[in-house]
Amino acid sequence: MATVGVDALVELDGVALGYEGVVALRDVEVTIAPGELIGIVGPSGSGKTTLLRSLLGEPELYAGTARVADNTRVGYVPQVETVDWNFPITVEQVAMLGSWRTRRWLPWTSRAERSRARVVLSQLGIADLADRPIRALSGGQQQRTFLARALVRSPDLLLLDEPTSGVDIKTRHEILHQLASLNTAGVTVVLTTHDLNGVASHLPRLIALGEQTVLADGPPSEVLQPDILERAYGQPMLVVRRGHETYVLPVPEEAPGAHPDAEHDHDDDDDHDHAELSVVDAPGVGADHA
Amino acid sequence: MLEPFEFGFMQRAMIAATLVGGVTAAVGVFVILRRLAYIGHGLAHSIFGGAVVSFTIGFNFFVGASLWGAFSVFLINQAARRRQIGGDAAIGIVTTAAFAIGIAVISRARSFTRDFEAALFGEILGITNQDLYVTTGMIVLIALVLFALWKPLVFITFDHDVATSYGISVRWVEAIFSLALAATVVAALQVLGVTLIAAALVIPPVVARMMTDSFPRLFVIAVVIGAVTGFLGVYVSWFVDVSSGATVVLVQAAVFALTLGWGVIESRRGFSATRRAERLAGLERSLND
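Residues numbered from 1 in each chain as written. Chains lettered and ligands numbered in written order. Predicted model: local features only at pLDDT ≥ 70, side-chain atom pairs only at ≥ 80, totals over all residues.

Caption draft 1: Fine view of the overall build of chain B. Helices and strands together make up the secondary structure of chain B, namely eleven helices and zero strands. For chain B, the N- to C-terminal ordering of α and β elements is α-α-α-α-α-α-α-α-α-α-α. Considered along the principal axes of its C-alpha atoms, chain B spans approximately 90 × 55 × 35 Å. When the 289 residues of chain B are sorted by exposure, 47% land in the buried category. Taking contacts inside chain B between residues at least 6 apart in sequence as the whole, the part at least 24 apart equals 73%. (Helix = DSSP H or I, 4+ residues; strand = E, 2+ residues; numbered from the N terminus. Buried ≥ 20, exposed ≤ 12 C-beta atoms within 10 Å, placed from the backbone. Contact = placed C-beta atoms within 7 Å.)

Caption draft 2: Region of interest: the overall build of chain A. Helices and strands together make up the secondary structure of chain A, namely eight helices and twelve strands. When contacts within chain A are restricted to residue pairs at least 6 apart in sequence, those whose partners lie at least 24 apart make up 65%.

Caption draft 3: Broad picture of the pairing of strand β6 (residues 157-161) of chain A. Residues and elements named next belong to chain A. With five of five residues buried, β6 lies mostly within the body of the structure. Residue alternation in β6 divides its side chains into two sets, L157, L159 and D161 and L158 and L160, and both sets are buried. Pairing of strand β5 (residues 74-77) with β6, which is carried by four bridges, proceeds in the parallel orientation. Looking at β6, one finds that Y76 is bridged to L159. In this structure, β6 lies alongside strand β7 (residues 188-192), joined through five bridges in parallel fashion. Along β7, the bridge assignment pairs L160 with L191. Regarding the hand of the β-α-β motif, the stretch spanning β6, helix α5 (residues 169-184) and β7 is right-handed. (Pairing = 2+ DSSP bridges. Right-handed = clockwise from strand over helix to strand, strands pointing away.)

Caption draft 4: The domain arrangement of chain A, seen in detail. Residue and element names in this part refer to chain A. For chain A, the assigned domains read domain 1 (10-226) and domain 2 (235-290). On the side of domain 2, eight residues touch domain 1, which itself brings seven residues to the contact. Of the residues in the side of domain 1 that touches domain 2, the class split is four nonpolar, three polar and no charged. (Domains from an automatic or database assignment. Nonpolar A, V, L, I, M, F, W, Y, C, P; charged D, E, K, R; others polar.)

Caption draft 5: Local environment of the pairing of strand β10 (residues 237-242) of chain A. All names here are of chain A. As paired strands, β10 and strand β11 (residues 245-250) are joined by six bridges and run antiparallel to one another. Residue R241 lies in a different strand from β11, and its bridge partner there is T246. What sits between β10 and β11 in their antiparallel hairpin is a turn of two residues, with G243 showing a positive phi close to 60 degrees.

Caption draft 6: Region of interest: the confidence of the model for chain B. Chain-level pLDDT for chain B is 85 on average; 91% of the residues reach the 70-or-more range. Scoring of the predicted complex yields 0.80 for pTM and 0.77 for ipTM. (pLDDT = per-residue confidence, 0-100.)

Caption draft 7: Helix α3 (residues 111-123) of chain A, seen in detail. Residue and element names in this part refer to chain A. Its 13 residues place the ends of α3 18 Å apart at the C-alpha level, agreeing with the 18 Å of an ideal helix rising 1.5 Å per residue. Along α3, the residues classified as buried are R116, A117, V120 and L121. In an axial view of α3, the angular spread of the buried residues amounts to 135 degrees, which keeps them on one side of the axis. Looking at α3, the residues exposed on the side facing more than 90 degrees away from the buried face are R111, A112 and S115. Buried positions along α3 lie against α2 (91-97) and α4 (139-151). Positive phi appears at G125, one or two residues downstream of α3, with a value of about 75 degrees. (Expected span 1.5 Å × (residues − 1). Arc of directions from axis to C-beta.)

Caption draft 8: The arrangement of the sheet that holds strand β8 (residues 205-210) of chain A in detail. All names here are of chain A. In space, the six strands of this open sheet follow the order β5-β6-β7-β3-β8-β9, with mixed pairing throughout. In the strand order of this sheet, the two ends are held by β5 and β9 (213-218), each with one partner. The sheet shows a mean angle of 15 degrees between the axes of neighbouring strands, taken without regard to direction. Judged from the four bridges that link them, strand β3 (residues 37-41) and β7 form a sheet pairing that is parallel. Within β7, the position partnered with G39 by the bridge is L191. Running at roughly 45 degrees to β8, helix α7 (residues 226-233) makes contact with β8 and β9 of the sheet. (Axes fitted to C-alpha atoms, helices over the stretch in contact; angles between N-to-C directions.)

Caption draft 9: Structural context of the confidence of the model for chain A. Across chain A, pLDDT averages 83, with 85% of residues at or above 70. Confidence over residues 258-285 of chain A falls short of pLDDT 50; this stretch has 39 contacts with residues more than four positions distant or in other chains.

Next up, the structure:
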């Protein structure tokens, strides 16, 4: 990757990316400024991970230019499915893998490395698990351990692949809260997510992928639009907005209540969280359809 | 009891077996955790071909076998990169072909049969001082490679797909490790023979794995088990009059069986203790009621 000016952390300019000669994404134009918090959304196989890993310079570049600012330290948190769970390793040892470049020719870690790992584990609320084998942890604790591995490098740019996949709603909330705190502290955060309602709609900027390219890039109010989502997912989508909240619902093919013309305003404010379609009927709710 | 120590050939054999047992276990830790036991087994057979050809053309055994092993690793890596072939098939094809070359050379030069039996089953009692120096040199080199590549190797073994993202040159590290594995097999060839090397690579790390959930501890335990069983195997072989290579592996297998048995007893004891505690708690509850 080449370098960019001071105003942008990353610039992808007319980029085509893929693996082993197969193009996964084309005509990608994305600029990321320092301090942003960005979600990449799209259906399975749309190239979310490919776009994320392009910021690491990994997929093959077939066209365009990908540039990253000089001296950018990047932390990467993969999907937890990639690791070997039988590997005998503790939480602290996983965290310290992130700093492997420090004294890289020596097998042992320094006191400073261990101290840094302990600080990060404390920040993430898992210091008491430091000596536990990673396979003995819950999904949320494992996710935080991999976050710790990325954070011991003190990254400027933090990339996370489906950080809330497979965790319960409370853990999801905690992970998002931690990412927001890191972002407030100045770390640029880019994550992929399948969760349009629980995660994506709460982020300040979204990049929607589909049809092998970037379909939309902007705030959720602009990106979570029925026409964009239908192009991305190949299915009509119902988009419900209430204040700052946005809900995206797939329109069942034979659901009369969810017909694209079924937009209502009701006075019954108490029913809004009982069922998907009752949300549509809540007062002050606007429903957009494909 | 001290009789074996009185003979120079036994002293050399015990030193070689201790060193080889330790280094095969050290490399074996990564072999078993990366599920590469098949490549260890295959490389031993492949290097046998190199050893035979070296003998036949009068080339230095260690150099010839090492070059042959390195070339086998190169071919395996090249073949495995082709999507239609796959790693396990590439290992099977390359190593059996290399082994077959050795068999073909033997069948043409029958006068060498006894030496090749030694390569197949080990001939540790025939180790000379020069062999011992060369073996020690190779082991030091392998240890240095493991020392220098420790962090990236651990990272790749634990989380292969992500290592590149953290700046690790996975291809280079894997290539160097494969060469270290080939060198380990060559170093172990004279001690254990082709047919027993895979066991020495696998058993000590598996035993250590059953004992701990910490990787650094696992590594140390495996090396200690490998070295001690190597020494004990040769020592015991003096008294039982059995092939030293086979005795080393049998001692390792016995340690494995004991560890497994102890683990089963411990888990049953833990289960019984839990049941007892549950029964006591139930009794206490019923008394309180």
